[in-house]
Each structure stands twice: as C-alpha cells, then as structure tokens.
Amino acid sequence: MLAQGVPSPEVGVGGVSPAAGLRWQLTPLLYSFGLYRKLSPWRTFVVEPLTRQSGSLELFFSPEFLSARTSEWIARTGIHATFPLLERGEKLAITIGAGVCFGAETSADFEGGVSILFGTFGLFFSYAPGVTLAPATLSLRVRLF
Amino acid sequence: MRATLFALVCVACVETVPPPHRLGRPERSDAHLAVSWIGHATMLIQIDDRFVLTDPILVDSIGGGVSRRKVGVPIDPRDLPPLDAVLISHMHFDHLSLDSLGKIEHRVHRAYMPQGGLVYLSNMAFDAVDVRRWETMEDRGMQITAVPVDHVGNRYQLDTWMHSFTGWVVRYHGVTVYVSGDTAYTGADFRATRERIGHIDLALLAIAPIHPRNFMKAVHMDPDEALAAFADLGADRMIPMHFDTFVDSTDKPHEARDRLAFLAREKKLGDRVRILEIGQQAVVLPK
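Residues numbered from 1 in each chain as written. Chains lettered and ligands numbered in written order. Predicted model: local features only at pLDDT ≥ 70, side-chain atom pairs only at ≥ 80, totals over all residues.

Q: Help me out: how do you make sense of the overall build of chain B in this one?
A: Looking only at helices and strands, chain B has six helices and 15 strands in total. Its C-alpha radius of gyration of 17 Å places chain B within 12% of the 19 Å reference for a compact globule of 287 residues. Seen through its C-alpha atoms, chain B measures out along the principal axes to roughly 50 × 45 × 40 Å. (Helix = DSSP H or I, 4+ residues; strand = E, 2+ residues; numbered from the N terminus. Rg over C-alpha atoms; globule rule 2.2 N^0.38 Å.)

What follows is the structure in structure tokens.
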C-alpha cells in the first residue's frame, strides 16, 4: 500500500499554459486474465506486477494535482485494460482506458500508455477535454505495486 | 567497489557468443541417468524415459532485456524432448524466465514451483503446482521433493515478503538427483536432506557467483562451499552449474570453474566431480 503513495510526475498541455503535476494511482479492484489459472484473479489495492502486466482489467482512481498559473486538484476514475506485448508484459505492455475526470469541471477521460520493466515505468497520455487548465496530460508513470 | 560498478555496467553491454557445444536431440538410449548443461542453472536431466528441466533459460536476454547471456543457448527448444517436469528453484529472472517457459509450454507436463511461486507465473498451458518444503509430489512413478536451501525468493526487489525458493530432489527408477538452485552454504540444510532422502546419486550444485564475497556469501555458495555441500549431502557425484553464463558478479571469467577443478584435484575426487561446458552432455549412469 505504501508503494502506491509514490506519485508520478506529469505535464499538462492544451490549457492556458503548460502545467506541471503529480498523479497518484490506486487500484480499488483488478481482474487479471493473464495470471496462472489456479490463483484467484481478483486483487484489491495491492497488485503484483505480473498480475497486472500479463493482462488485466482494472478499476482505477487517480487523484492528481495540476499547477500552472493556478493550481487544481482533480481526480480520474474509470477502467484500464492492460495487454502484454513482450515477455508476458514484464518487458512491455500496453494500457488503454476510459472514465470520468472530476474536479472544478467534470469531463470524460480517455487514457492510454505503454509500460516497461514489470510495469515499474510507463509513459501515459490522458485526455479530458472538459478540464480547461490542462485537457491533455503526459505522465511518466512510476508504479511499484 | 570499482569492480562492482564495472560489472553492473557490463550487464547491459554483454555480447552473446555461440555455445562451445550444440545439443541436437539430447535423448540417450544408452543412459540410465544423463545430464545436459544448457547454461546457468538450466540442466536437462534424463532418468530412463523421464525428462526433467531445471530453471529453464532458453533465451538470450532476461529481466525485461536488462541482462544478456554471455554464451548462447545450445539447443533449439523445439529439440527438447517432452518434459515430464520443469523445476523452478526461485523467482529471480535468471531462474524463472516466462519467455523461456512460453517456448516450451506445450511440451511440459507439469511445472513445480516453490511454495508461493505460482503468483509469478502467467497462465501457461501446462499444469503447475507449488510445493511446500519437504513435501513430495508423485507423478507416474517419479517423486519430486522440495528440500530446504537458503536464498531469497522475491522477483521485483520490493516484494521482500516473498520467500519462494527451494532445492529439489528427483527420484525415479531408483535414481536420486539433487538440485540446489541458488543457495548460501548451510550445512544443516544439506545434512537434513541427506538424513531424510538417503542416498543421492548426483548433486547439481551452484558454484557461483563468488564475488563480492561479503555480499554473495549470504545467498550463494562458492566452489569451496559447494564441495562442502557435496560432502554434507553424501552424493556420489557432482556436476556444477550457475557459472560463466551471465554477468552477475565481479568474478573473473572461469574463476569458479577453475577453482572447483583445482579443489577437486586437490581432494582427489577424480570423476566424482564432472565439470561440463555449456551444451555438453554427460552420461552419469549408463544402462
């Protein structure tokens, strides 16, 4: 759980000026379809890297702090789907997702990205057209569990 | 310190050279017990009509591409016989390679993992079981027992609560083979195994990495300790493994192999200690 307290840095663009941000990632519920079949595919909050990277559907919740000329807390929630590309996802996996972004404004949210090294590092793109401060964000995702 | 940093840098820039021997089809009709070294801790064990593969690394790079083999894989995975058992000793990338298992998943009958290890396995076609310490699994006349060793069982550094590691004993048709996996030298574990298991025909023992010793000693045997383990186990013969395949230490090339050869000569062990090259096969017990 403590490992999930490590935030990922991000930059936001498309608003009045570029924004810097931090994003946290919580997984209230995950279903893995790549884990060995004798094990339970369900996880809450603590997710082993292979359980996610080998193929999974995940309910995500991401509090996020964005700062440009003004600062804003927002949160995104929705579904991520992760698919393994190389070495059962431990080397490379792709994630796509959609959900809702809420804060000062509420907006639909679309997400996508790739992750390497057991999911520890990833490059993720989010697009929430209704967030005027920074509708598009690019995150360097750091994720340990 | 400088040597350690040098070794870490070298991990990423290793060039893989071809193996000194190629294994064609490794089945031996003249062997009661035969062993082929595929490199690192990957040993193909044949006991009559049964085939067991240990810690299969059948690819040139591991750990998400971070670490490359120094010596290539000496066998095309398609040339491996149907495998009655794959034994995984622990979860480190140089022992559990999902890519390698993927290459052989349709020719493996069952994989044996240490207790708690299944969570590190993706959904392969073969059956897989995790085995508690001292538990024996029986399959069509072959017995596989998880025996105690002393190592670490995590995979991703932060999963330090995992203690998923083991040694193995395989018994079939009156032949007993011990497989150490990675382990520090703990005489009590080896002697306990001897006490419980009895006569061991062959011990496959890791002999490296050696240096930096103050760090490695807690998790890996050096050749001197491996010979002490060989004595503790009371095995008839020993074949070393886990050396000269990856850059995983500050050891000089062939240091572990040469040290073991020197010690074996000094202790007059003769053909009880057989050092294989990668891709080489030994008929340990002929028919």
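Further notes follow.
Q: Before we go on, may I ask you to explain the pairing of strand 10 (residues 142–147) of chain B in this structure?
A: Looking along a regular strand, one sees the side chains alternate between the two faces of the sheet. Residue and element names in this part refer to chain B. Bridge count between strand 9 (residues 136–139) and strand 10: four bridges; the pairing is antiparallel. When the sheet's bridge partners are listed, Asp139 is paired in strand 10 with Met142. Connecting the antiparallel pair strand 9 and strand 10 is a turn made up of two residues, with Arg140 showing a positive phi of about 50°. Looking at chain direction, strand 10 and strand 11 (residues 167–172) are connected through five bridges and run antiparallel. Among the inter-strand pairings, Thr145 is bridged to a residue of strand 11, identified as Val169. (Pairing = 2+ DSSP bridges.)

Q: What am I meant to see in the sheet that holds strand 6 (residues 85–87) of chain B here?
A: Either a parallel or an antiparallel arrangement is found when strands of a sheet pair, and the pairing is made through backbone hydrogen bonds. Residues and elements named next belong to chain B. Taken together, the seven strands give an open sheet; going across it, the order is 8-7-6-3-2-1-15, and neighbouring strands pair in mixed fashion. The sheet terminates laterally at strand 8 (127–131) and strand 15 (281–286), the two strands that pair on one side only. Across this sheet, the average inter-strand angle for adjacent strands is 20°, counted without regard to direction. In this structure, strand 1 (residues 31–39) lies alongside strand 2 (residues 42–47), joined through six bridges in antiparallel fashion. Paired with Trp37 across the two strands is Met43, which belongs to strand 2. (Axes fitted to C-alpha atoms, helices over the stretch in contact; angles between N-to-C directions.)

Q: Whenever I open this one, the sheet that holds strand 13 (residues 202–206) of chain B confuses me. Can you help?
A: Residue and element names in this part refer to chain B. If you trace the six strands from one edge of the open sheet to the other, you get 9-10-11-12-13-14, paired in mixed fashion. Both outer strands of the open sheet, strand 9 and strand 14 (237–241), are each paired with one neighbouring strand and no more. Strand-to-strand, the axes of this sheet are offset by a mean angle of 15°, without reference to chain direction. Packing of helix 5 (residues 223–233) onto the sheet brings it into contact with strand 12 (175–179), strand 13 and strand 14, and relative to strand 13 it is tilted by some 150°. (Contact = placed C-beta atoms within 7 Å.)

Q: I tried to follow the environment of His106(B) on my own but got confused; where do I start?
A: Within the secondary structure layout, His106(B) lies in the loop between helix 2 (98–104) and strand 7 (110–114). For the pair His106(B) and Asp48(B), spaced 58 residues apart in sequence, the C-alpha to C-alpha distance is 22 Å.

Q: How do you make sense of the environment of Leu118(B) when you look at a structure like this?
A: As for its placement among the helices and strands, Leu118(B) is situated in the loop between strand 7 and strand 8. With 19 C-beta atoms counted inside 10 Å, the residue Leu118(B) sits in the partly exposed group. Placed 46 residues apart in sequence, Leu118(B) and Ser164(B) show a C-alpha to C-alpha distance of 9.4 Å. Excluding residues within four positions of it along the chain, Leu118(B) makes contact with Tyr36(A), Lys38(A), Leu39(A), Met113(B), Ala128(B) and Asp130(B). (Buried ≥ 20, exposed ≤ 12 C-beta atoms within 10 Å, placed from the backbone.)

Q: How should I be thinking about the nonpolar core in this particular structure?
A: Nonpolar side chains in soluble globular proteins generally cluster together in the buried interior. Counting 80 residues, the largest nonpolar core has Ala203(B) and Leu204(B) as its most contacted members. In this view, Leu204(B) contacts Met43(B), Val177(B), Tyr178(B), Val179(B), Ser180(B), Ile239(B) and Met241(B); residues no more than four positions away in its chain are not counted. Ala19(A), Ala128(A), Leu133(A) and Ala134(A) belong to the second-largest nonpolar core, a separate cluster that totals eight residues. (Core = buried A, V, L, I, M, F, W, Y, C linked by C-beta atoms within 7 Å.)

Q: Explanation requested: the confidence of the model for chain A in the structure shown.
A: Reading predicted coordinates in detail is not appropriate for stretches of low pLDDT. Scored by pLDDT, chain A comes out at a mean of 90, with 99% of its residues at no less than 70. The secondary-structure element of chain A with the lowest mean pLDDT is strand 1 (residues 8–13) of chain A, recorded at 88, while strand 4 (residues 42–43) of chain A shows the highest, at 96. (pLDDT = per-residue confidence, 0-100.)

Q: Teacher, can you tell me more about helix 6 (residues 255–266) of chain B here?
A: All names here are of chain B. Over its 12 residues, helix 6 runs 16 Å from end to end, which matches the ideal 16 Å to within 8%, given 1.5 Å per residue. The set of residues buried in helix 6 consists of Glu255, Ala256, Arg259, Leu260 and Ala264. For helix 6, the buried positions fall inside an angular range of 160° around the axis, keeping them on one side. Summarising the geometry of helix 6, the exposed residues directed more than 90 degrees from the buried face are Phe262 and Arg265. On its buried face, helix 6 is in contact with helix 5 and strand 14. (Expected span 1.5 Å × (residues − 1). Arc of directions from axis to C-beta.)

Q: Would you take a moment to explain the pairing of strand 10 (residues 136–142) of chain A for this structure?
A: Residues and elements named next belong to chain A. Only one face of strand 10 is buried: it carries Thr137, Ser139 and Arg141, and the other face, with Ala136, Leu138, Leu140 and Val142, is open. Two elements, strand 1 and strand 10, share four bridges in a ladder whose sense is antiparallel. Bridge pairing links Glu10 to Ser139 in strand 10. Here strand 9 (residues 121–127) pairs with strand 10 via seven bridges, running antiparallel.

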